[in-house]
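Breakdown of the fold
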Amino acid sequence: MEDLMNVASYIFNRYKNEYHTKIDEMKLHKLMYFAQRESLIQKEEPLFDAVFYGWKFGPILKEIRSIYKENAFYSVIPEDIVKRITCIMDKVFEEYAGKDSWNLSRLTHGEYSWKNSRIGILEGENSDNPMNIEDIRKDAKRIQKRREMLAQLGLS
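So, here's what we can say about the structure. Just so you know, these numbers come straight off a predicted model, no measurement behind them.

Notes on the nonpolar core
- The biggest cluster of nonpolar side chains holds 42 residues, and the ones touching the most others in it are Ile11, Met32 and Phe48.
- Listed by contribution, the elements that provide at least two residues to this core are α1 (4–19), α2 (25–42), α3 (62–70), α4 (79–97) and α7 (133–152).
- Those residues in contact with Phe48 that lie beyond four places of it in its chain are Met1, Glu2, Leu4, Val7, Met32, Gln36 and Leu61.

Let's talk about the environment of Lys138
- Looking at the element boundaries, Lys138 is found in helix α7.
- In this structure Lys138 comes out as partly exposed when scored by relative accessible area, which is 46%.
- A C-alpha to C-alpha distance of 7.4 Å links Lys138 and Tyr112, two positions 26 residues apart in sequence.

Concerning the environment of Ala35
- With respect to the element layout, Ala35 can be found in helix α2.
- Judged by relative accessible area, which is 0%, Ala35 ranks as buried.
- Each C-alpha atom, one on Ala35 and one on Ile11, is 9.5 Å from the other, the two residues being 24 residues apart in sequence.
- In contact with Ala35, other than residues within four places in its own chain, are Leu47, Ile88, Met89 and Val92.

Notes on the pattern of salt bridges
- Taken as a whole and assessed by the stated rule, the structure comprises 13 salt bridges.
- The residue Glu25 makes a salt bridge to Arg65 at a minimum N-O spacing of 3.0 Å. Placement of the pair is Glu25 in helix α2 and Arg65 in helix α3, with a sequence separation of 40 residues.
- Between Arg147 and Glu38 there is a salt bridge, with its nearest N and O atoms 2.7 Å apart. On the criterion of sequence distance, the pair formed by Arg147 in helix α7 and Glu38 in helix α2 is long-range, its members being 109 residues apart.
- One salt-bridge network, held together by shared partners, links Arg37, Glu111, Asp139 and Arg142.

Details of the pairing of strand β2 (residues 58–61)
- Here strand β1 (residues 52–55) runs beside β2; their pairing, made up of 4 bridges, is antiparallel. Counted as the bridge partner of Phe52 is Leu61 from β2.

Some words on the packing of α2 against α7
- Between α2 and α7, whose axes approach to 8 Å, the crossing angle comes to 70 degrees. It follows that α2 is roughly perpendicular to α7 by the angle criterion. Crossing hand, α2 versus α7: right-handed. Across the interface between the two elements, Tyr33, Gln36, Arg37, Glu38, Leu40 and Ile41 of α2 pack against Ile133, Ile136, Arg137, Asp139, Ala140, Ile143, Gln144 and Arg147 of α7.
- Of the residues assigned to the contact of α2 with α7, the class counts are 7 nonpolar, 2 polar and 5 charged.

With respect to the packing of α2 against helix α5 (residues 101–108)
- The N-to-C vectors of α2 and α5 enclose an angle of 40 degrees; their axes lie 9 Å apart at closest approach. The angle between α2 and α5 places the two elements in the oblique class. As α2 packs across α5, the resulting crossing turns out to be left-handed. Contacts between α2 and α5 involve Met26, Lys27, Lys30, Leu31, Tyr33 and Phe34 on the former and, on the latter, Ser101, Trp102, Leu104, Ser105, Leu107 and Thr108.
- Residue composition of the contact of α2 with α5, by class: 7 nonpolar, 3 polar and 2 charged.

How each quantity is defined
- Residues numbered from 1 in each chain as written.
- Predicted model: local features only at pLDDT ≥ 70, side-chain atom pairs only at ≥ 80, totals over all residues.
- Heavy atoms only, no water.
- Core = buried A, V, L, I, M, F, W, Y, C linked by side-chain atoms within 4.5 Å.
- Buried < 20%, exposed > 50% of the residue type's maximum accessible area, 1.4 Å probe, protein only.
- Helix = DSSP H or I, 4+ residues; strand = E, 2+ residues; numbered from the N terminus.
- Contact = heavy atoms within 4.5 Å.
- Salt bridge = Lys/Arg side-chain N within 4 Å of Asp/Glu carboxyl O.
- Pairing = 2+ DSSP bridges.
- Axes fitted to C-alpha atoms, helices over the stretch in contact; angles between N-to-C directions.
- Parallel < 35°, antiparallel > 145°, perpendicular 65-115°, else oblique.
- Left-handed = near helix turned anticlockwise from the far one by under 90°.
- Nonpolar A, V, L, I, M, F, W, Y, C, P; charged D, E, K, R; others polar.

Fair warning: the whole summary comes from geometry, so function is off the table for now.
Shown next, in the form of C-alpha cells:
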C-alpha cells in the first residue's frame, strides 16, 4: 500500500505538468477516489490507507483538505513509487483528468459507496459518514464488468 501523500502529490504534480494549471481541490479528491477504485480493479487491493467521506459533492479525504490548503505536496515522488502506481494513474488520467470537477462530482454520485455513505443525510449537507472500502470494492467490480462487456463487444 502506498503513502497517501505520495499518491496525492503524484496526482497534483502530474496534473500541473499535463494541464499547465493547478488542480482544483474538488477534482483532486475525485481523482484520488478513482485511483483507489482503479487499484481495486487492477490489483484487488487499496492503493492507500485512508477513509473517504461522503460529502455533498462526492468523496473527500479530510487529510487532503489541509494539505491542499497549505500547498504541502511533495515536489518529487520516489521513482519506485512512480513505477508501482503508473499503470493505475494512467487509467485514471485517461478516463477522468480531462473532465471538469462538476462532471466528476456527478459521476461519484452514481457510486454505490457514496450513496451508502449518504443514507440519512440531507441532499445539501456534508457528512462525516465514512465510505466503506467494501462498498468501493463493489463499485470497482461493477466498472470491471462493464469494461469486460465493452471489450467483448469490441468497444474498448
